[in-house]
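This is what each chain is made of:
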Amino acid sequence: MGELPGKSLLSALFLIILLSEGPFRWVDAQHCVWYGECGDSKIAGKKYNCNYTGPPKPLQAEGHELLAELCPGYDYGDRSLCCDVDQLNSLKGSLQLPLQFLSRCPACSSNFMNLFCELTCSPHQSRFMNSTDFNGPSVTEVQYYIGQTFTNAMYNACKDVQAPSSNVKALSLLCGKDAKDCNATNWIQYMFNINNGQSPFPIIPIFSDVPVSGYTPMNNKTYACTEGLDDGSGPCSCQDCTKACGPKPVPPPVPPPWTIFGIDAMTVIMWISYSAFLLIFFGAVLGVWYYRKRTIMSEYGPILDSNNPLSLNADNPDQVNASCCETLGERFENALRTLFSSWGSFCVRHPSVVLLGSLILVVGSSGGLVYMRITTDPVELWSSPSSQARQEKDFFDSHFGPFFRTAQLIITTPIVDPFLYSPYFGGSDVPFGAILRKDILHQVLDLQLDIESLTATYEGQTVTLKDICLAPLAPYNTNCTILSVLNYFQNSHDVLDHSAGDDFFVYADYHSHFLYCVSAPASLNDTTLLHDPCLGTYGGPIFPWLALGGYDETNYNNATALVVTFPVNNYLNDSVRLGKARAWEKEFVKFMKNFKNPNLTVAFSAERSIEDEIDRESKSDISTIVVSYVIMFVYISLALGHINSCRRLMVDSKISLGISGILIVLSSVSSSLGIFSYCGIPLTLIVIEVIPFLVLAVGVDNIFIVVQAYQRDERMPQEELHQQIGRILGDVAPSMLLSSLSETVAFFLGALSNMPAVRTFSLFAGLAVFIDFLLQISCFVSLLGLDARRQEANRLDIFCCAKLPEGQETRTDSFLFRFFKKIFAPFVLKEWVRPIIVAVFVGMLSFSIAVVNKVEIGLDQKLSMPDDSYVLDYFKNLTMYLHTGAPVYFVVEDGLNYSSLEGQNAVCGGVGCNNDSLVQQVYSASLISNYTTIGFTPSSWLDDYFDWVKPQSSCCRYYNTSGEFCNASVVNSSCVHCRPMTPAGKQRPEGEDFMQFLPMFLSDNPNTKCGKGGHAAYAAAVDVYPDLTGVGATYFMTYHTILKESPDFTEALKMARILAANITEAVGHKVFAYSIFYVFYEQYLTIASDTAFNLGVSLAAILAVSTVLLGFEVWSAVLVSVTIAMILVNMFGVMWLWSISLNAISLVNLVMCCGISVEFCSHIVRAFSISVKNNRVERAEEALAHMGSSVFSGITLTKFGGILILALSKSQIFQVFYFRMYLAIVLLGAAHGLIFLPVLLSYIGPSVNKAKVFSANKRNAGTERERLLNY
């Protein structure tokens, strides 16, 4: 109890202190720290506030509307505040630009305005503000105590807000650094720093949630971005508020590779299959061999066997027990033989009629060449007019204009040492890449200015860059768009050298300006002491990811390359202006080829570069192609003749006949080209390069077959020359018809392809092969008859007037025929060799099947360039340094009602927009860019228009006298806001309001008062109907991530289309994705199925035609088709081994391979089917001996020499797709046709056709041929 009085005294003392302190601070809190404006600030155009410590004053009546607009929380009672109308006007002017970007998110803009309203006008200023410096009556510095809770809440509400036109976060433009480096406190510190050019005097923020030095920090109520405001404004959109999005989208997991026991599944499956095949096959072979060894055969068995069609023991020599199909086949065969024999005899008897008629038809057909058009336009070459990508391109071009042309430099330096920049105002040192040294930048600027001053001449007119460049703000601003880091410095040496400092220190220079601009490229004031603009001279931003290369993440200061891009206007149907652009580009390329600078390494390209280099490549390869064909021509001319002795060299040679045969082949090609030129079908380089090769292979093979059949034949007694050649033609022409018709039908069916290059090739090739066949059985037969008469008359080849004296000569077979008959055919068909051959070829097939799904799809664009092309360096640097891919446009087709709330919500990305709107879906896709290849948030004209038209903004104004648009920079009392400062006026414009102000937005140029003007960014993005009744097609642009290889481009197209389909479904209106490269890479989305379809159709055609022309022997046709299929599958194995990708060029070659393979296979199979030898082995041996040598000399040897020359080509595309593939086609075709197929026939070839054998015996009875056959 004794201590209680002491405790009571202590408590009373504390109570007295608290009671005395409380009223004192409360009274103190009622006064202001300033009121009104007096004195000019050091910052141009800014005012100081007047020192005033009295109570708040009622606001003048003229300021009530402005107060309701800026600080509605104080719009009550007598509106007693610590600010007057002038201060409110200054506040509005200072915050116009930030509010234009932050107003997308109501919670963010409300918190932001709360911060500045409390600072400027709060009646309780002295609670949280302390004036610390004065200049006479002016307050020149204050301390502002701000609650940390408020600070964090304001930052969290604003940190995700987007700036759609700039594809960056708004804080990148408002924080003085990149948004990722901005935080709650340094953002406010930056806004209150006098160096930002907006704050009239230093405002020192002090952050705390507890009282400091007697001041209670301002900790007003804040709104989270997920909350709506009291005035009815909704929560922020997902795009501007990550918390409103829910969980971040997660890309689906990459499907694991298909493996068995950790090994590629196809490899394992084919190994097991191949092993099982070998086990069964060799088991069967050994079983049959063992069975034969144990069976005792009678030596008279073959003679007495009544199943043998030649047996002496047959039931009736005048009848044959043939099936219906065999009889039908024999009759069909006999009809063909009779027809061709009669025709051959006619051609030999009437050569002048045949030759003249052929000449007239060839000249008439070839006359169409005067109408010939060669397509070099890559779009026409690779994209079908009916394809999705082509239709979308045409839609885009017709509504928004064609995608601009580009001339681009990628500049590096051999100087490798980076350097450090130490900011004056503190902070850690910043490393800079050597390419950003000031002296290097000056040299790059010199180069850039030299390019700007280039002049070209087109049809007598001078053309400069200004005449053709992209100038989005023309005619108000005619400066060309130049996407270059030097445009941060207004493309000026003086601005690059601009610095702020004194004799001792440099406070700001190009380093600080660069660091600011890469984080805020759309800024009009860099807020360092320099206060230079970042916006390019053309009126738009220079995004660092487009102007710099070789940096890591977003550390642009580490860049190792500069990218300078000159966009040039493209023209849809204006050949004159397009010609001017091409003329300037030609001058640009010429200038860059001659440019030398020891400190700069420049890779460059213009829009025309690829086309020019392909053209140069084609011309340089003409000599290689000519040499290749000359070698083939010389071989054909020399190899056709069969020389019996040196004395008869010039008599037995067939140089003139060989040249005639070549001319016939070329005539068939020219006739095909001419006929289709009459029809208006343009040629392609592929047609010109490939078809002569194909037709030469087919045509020469047939020539060798006819000539060698004649050379090996002996004229029968009382048989005249025309009858002999007619008989020979009757024997071999069905085989020629089989191969030629199979190829023709296969090629014509291949024309069903959607790929223009494949379709055009198939049409031209099919007709050329068929015309070649017709000329060979007519024109060539007549020439053969004339040559035979010359030879029989002992007249010299070429010099027909000279005659050799008569002499006795011994007739011999050719070396190649003897080799095939005596050595090659018997060896291949030996009993122990045949199983090895089957094992090897099935092994090759198994390997090819295992790797067929591993063949790369696409075309490396580097392959299309010559080895010495400057464009190769450009492609290399493009892959090495660039970080951003091509622009991608999400195009909304006509018909969406943007004037309605539903139409707006389906597309926009701001407050109230649908969570699955177009902008929101593209934004979500950009969050997982590694999967979707969408690199950035899309620019949205609709969202920027809503921000621009808001009454709180100074952007949308018009003259109340005329109704014309009034730019934000205009100071005129007759300029009034477009929309009233009412709850309805603050809502989005709908109906007539929407269309009334949209044209103003699209014509407004960005300026310091209004950064949301849509002219530069969106003038081309919105197709407004001429009578302003509505909006037609529009686009929303973003960028792909960097795409390096062909599969990357294909995947980007695929993902963009998936995204566009999802948007279409959500919006309920057609939306498609478009980028400049889609039209070229669309083919690779379906190339695998197209290849399967084309080759499948070709094989089906070959099977059908072979079945008919082989006399309805289905099994023979099946074996031909199977062997060709094996060749095609093995081609895929070669493509994988030799790094040949699957694309339109290789598909054309595969279709051609299908045709040439017919030549290798069909003649052998037909020879086998008409052979009357005792068993399959002997029949296969006879077929290989007689037809094999002709096929080998006609195709393999002819092509081999010509193909080897292609390896010397400078063109990589020739080396890869022509030398490698042609060599593989010929070698695989020869191997399968001359080795595997005879062995296959010896095992499972069709049984002998009894009807054909009986007919042959009857036909040859009593002739020399019967003796030879029996022997």
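What you see is a predicted model; the values in this text were computed from it and never measured.

Now for the overall build of the protein. In terms of regular secondary structure, the protein is built from 44 helices and 29 strands. The C-alpha atoms of the protein give 43 Å as radius of gyration, which overshoots the globular expectation for 1271 residues (33 Å, by more than 25%). Taken along its principal axes, the extent of the C-alpha atoms in the protein is 150 × 90 × 60 Å. Within the protein, the fraction of its 1271 residues that count as buried is 55%. Long-range pairs, those at least 24 residues apart, make up 74% of the contacts in the protein between residues at least 6 apart in sequence. Total accessible area on the protein is roughly 53800 Å²; 60% of this is exposed by carbon and sulfur atoms.

Following the criterion strictly, the structure yields one cavity of 30 Å³ or more and no others. For the largest cavity, the lining is made up of 11 residues, of which Tyr 629, Glu 689, Leu 1206, Phe 1214 and Tyr 1222 are closest to its centre. Elements with a contribution of two residues or more to the lining of the largest cavity: helix H21 (609-639), helix H24 (685-712), helix H41 (1176-1206) and helix H42 (1212-1244). Counting residues per element, the lining of the largest cavity draws most heavily on H21, at four residues. Of the residues contributing to the lining of the largest cavity, the split by class is eight nonpolar, two polar and one charged.

Before going further, it helps to spend a moment on the sheet that holds strand S27 (residues 1022-1024). Within the open sheet, the four strands sit side by side as S27-S28-S24-S29. Their pairing is antiparallel. On the outer flanks of this sheet lie S27 and strand S29 (1071-1074), each paired with one strand and no other. The average undirected angle you get between the axes of adjacent strands in this sheet is 20°. Inspection of the sheet shows strand S24 (residues 884-892) paired to S29 by four bridges, in the antiparallel sense. Each residue of the ladder has a partner; that of Val 891, found in S29, is Phe 1072. Sheet contacts for helix H34 (residues 991-1003): S27 and strand S28 (1031-1041); angle to S27, the most-contacted strand, approximately 125°.

Quick look at unusual backbone geometry now. Look at the link from Ala 474 to Pro 475: it is a cis peptide, with omega at 5°. Looking at the secondary structure, you find Pro 475 in the loop between helix H16 (465-468) and helix H17 (493-497). Positive phi, normally seen in glycine, also occurs at Ser 213, with a value near 55°. With respect to the helices and strands, Ser 213 occurs in the loop between strand S9 (203-207) and strand S10 (259-260).

A few words on the sheet that holds strand S21 (residues 561-568). Across the sheet, which stays open at both edges, the four strands sit in the order S20-S21-S13-S22 with antiparallel pairing between neighbours. One side of each edge strand has no neighbouring strand; the edge strands of this open sheet are strand S20 (548-549) and strand S22 (601-606). The pairing of strand S13 (residues 405-412) with S22 spans six bridges and is antiparallel. Pairing of Ile 411 across the sheet is with Val 602, part of S22. Packed on one face of the sheet, helix H29 (residues 870-881) meets S13, S20, S21 and S22 and runs near 75° to S13.

A word on the environment of Leu 115. Considering the arrangement of structural elements, one finds Leu 115 in helix H4 (residues 106-121). According to the relative accessible area criterion, Leu 115 is buried, its value standing at 0%. Spatially, the C-alpha atoms of Leu 115 and Val 1024 are 40 Å apart, while their sequence positions differ by 909 residues.

On to the packing of aromatic side chains, then. On inspection of all chains with the given rule, the structure shows 62 aromatic pairs. Consider the rings of Phe 281 and Tyr 1243, whose centres lie 5.7 Å apart with planes at 85°: the pair is edge-to-face. You can see Phe 281 sitting in helix H9 (residues 265-294) and its partner Tyr 1243 sitting in helix H42, a full 962 residues away along the chain. Note on Phe 281: relative accessible area 13%, which makes it buried. With relative accessibility at 27%, the residue Tyr 1243 sits in the partly exposed group. Judged by centre distance (6.4 Å) and plane angle (40°), the rings of Phe 591 and Phe 595 are tilted.

Here the focus is H29. Here H29 spans 17 Å end to end across 12 residues, near enough to the 16 Å set by a 1.5 Å rise per residue. Where H29 is concerned, the buried positions are Tyr 870, Val 871, Leu 872, Tyr 874, Phe 875, Asn 877 and Tyr 881. At the N-terminal boundary of H29, the capping side chain belongs to Ser 869, with an oxygen 3.1 Å from the backbone nitrogen of Val 871.

Tallied over the full model, the rule gives 24 salt bridges. Linking Arg 104 and Asp 240 is a salt bridge whose minimum nitrogen-to-oxygen distance equals 3.0 Å. Residue Arg 104 is located in the loop between helix H3 (85-102) and H4, and its partner Asp 240 is located in the loop between S9 and S10; the two are separated by 136 residues in the primary sequence. Here the two residues Arg 104 and Asp 240 agree in accessibility, since each one is buried. Lys 1012 is the salt-bridge partner of Asp 947, the closest N and O atoms lying 3.2 Å from each other. Here Asp 947 is found in helix H33 (residues 941-949), whereas its partner Lys 1012 is found in the loop between H34 and helix H35 (1015-1018), with 65 residues between them in sequence. Each member of the pair, Asp 947 as well as Lys 1012, carries the same accessibility label: buried. What you see here is one network of salt bridges that share partners, running through Glu 333, Arg 337, Asp 731 and Arg 1166.

Once that is clear, we can look at the state of the cysteines. The full count for this structure, using the stated rule, is 15 disulfides. Residue pairing for Cys 83: its cysteine sulfur links by disulfide to Cys 121, the two sulfurs lying 2.0 Å apart. Disulfide Cys 83-Cys 121: the torsion about the S-S bond is 100°, which places it as right-handed. Of this pair, Cys 83 sits in the loop between strand S4 (80-81) and H3 while Cys 121 sits in helix H4, and the two are 38 residues apart along the sequence.

On to helix H25 (residues 721-750). With 30 residues, H25 extends 41 Å from end C-alpha to end C-alpha; this agrees with the ideal 44 Å at 1.5 Å per step. At Val 732, H25 is bent by approximately 40°, the largest bend along its length, and proline Pro 734 sits one to four residues beyond. Counting buried positions along H25 gives 24 out of 30 residues, so the element sits mostly inside the fold.

On the surface, Ile 622, Val 626, Val 630, Val 634 and Leu 638 cluster together into a nonpolar patch covering about 430 Å² of accessible area. Mapped onto the secondary structure, Val 634 falls in helix H21.

As a further point, take the packing of H24 against helix H26 (residues 756-792). Two elements in contact, H24 and H26, have axes separated by 8 Å at closest approach and are oriented at 30°. Taken together, the axes of H24 and H26 lie roughly parallel to each other. Remark: the crossing between H24 and H26 carries right-handed chirality. Broken down by class, the residue content of the contact of H24 with H26 amounts to 21 nonpolar, four polar and two charged.

What follows concerns the packing of helix H11 (residues 324-349) against H25. Two elements in contact, H11 and H25, have axes whose closest approach is 7 Å; the angle formed by their N-to-C orientations is 130°. Between H11 and H25, the interaxial angle falls into the category oblique. Between H11 and H25 the crossing geometry is right-handed. Across from Glu 333, Leu 336, Arg 337, Phe 340, Ser 341, Trp 343, Gly 344, Ser 345, Val 348 and Arg 349 in H11, the residues of H25 making contact are His 722, Ile 725, Gly 726, Arg 727, Leu 729, Gly 730, Asp 731, Ala 733, Pro 734 and Leu 737. Tallied by class, the residues present in the contact of H11 with H25 amount to nine nonpolar, six polar and five charged.

On to the pairing of S13. Counting buried positions along S13 yields seven of eight residues, so the element is predominantly enclosed. Inspection of the sheet shows S13 paired to S21 by seven bridges, in the antiparallel sense. Note on S21: the bridge partner recorded for Leu 409 is Val 564.

How each quantity is defined
Residues numbered from 1 in each chain as written. Predicted model: local features only at pLDDT ≥ 70, side-chain atom pairs only at ≥ 80, totals over all residues. Heavy atoms only, no water. Helix = DSSP H or I, 4+ residues; strand = E, 2+ residues; numbered from the N terminus. Rg over C-alpha atoms; globule rule 2.2 N^0.38 Å. Buried < 20%, exposed > 50% of the residue type's maximum accessible area, 1.4 Å probe, protein only. Contact = heavy atoms within 4.5 Å. Areas by Shrake-Rupley, 256 points an atom, 1.4 Å probe, with all protein chains shown as cover. 1 Å grid on protein atoms, 1.4 Å probe; cavity = no way out; pocket = protein on both sides within 12 Å on 5 of 7 lines; lining within 4 Å. Points joined across faces, edges and corners; volume = space filled by probe spheres on them. Nonpolar A, V, L, I, M, F, W, Y, C, P; charged D, E, K, R; others polar. Pairing = 2+ DSSP bridges. Axes fitted to C-alpha atoms, helices over the stretch in contact; angles between N-to-C directions. Phe/Tyr/Trp six-rings, centres within 6.5 Å; stacked < 30°, edge-to-face > 60°. Expected span 1.5 Å × (residues − 1). Polar contact = N/O pair within 3.5 Å; in protein donor to acceptor, adjacent residues only side chain to side chain. Salt bridge = Lys/Arg side-chain N within 4 Å of Asp/Glu carboxyl O. Disulfide = S-S within 2.5 Å. Bend = angle between axes of the 7 residues up to and from the residue. Patch = residues over 30% accessible without salt bridge, like charges linked within 9 Å, V, L, I, M, F, W, Y side chains within 5 Å. Parallel < 35°, antiparallel > 145°, perpendicular 65-115°, else oblique. Left-handed = near helix turned anticlockwise from the far one by under 90°.

So yeah, pure geometry; function would need other evidence.
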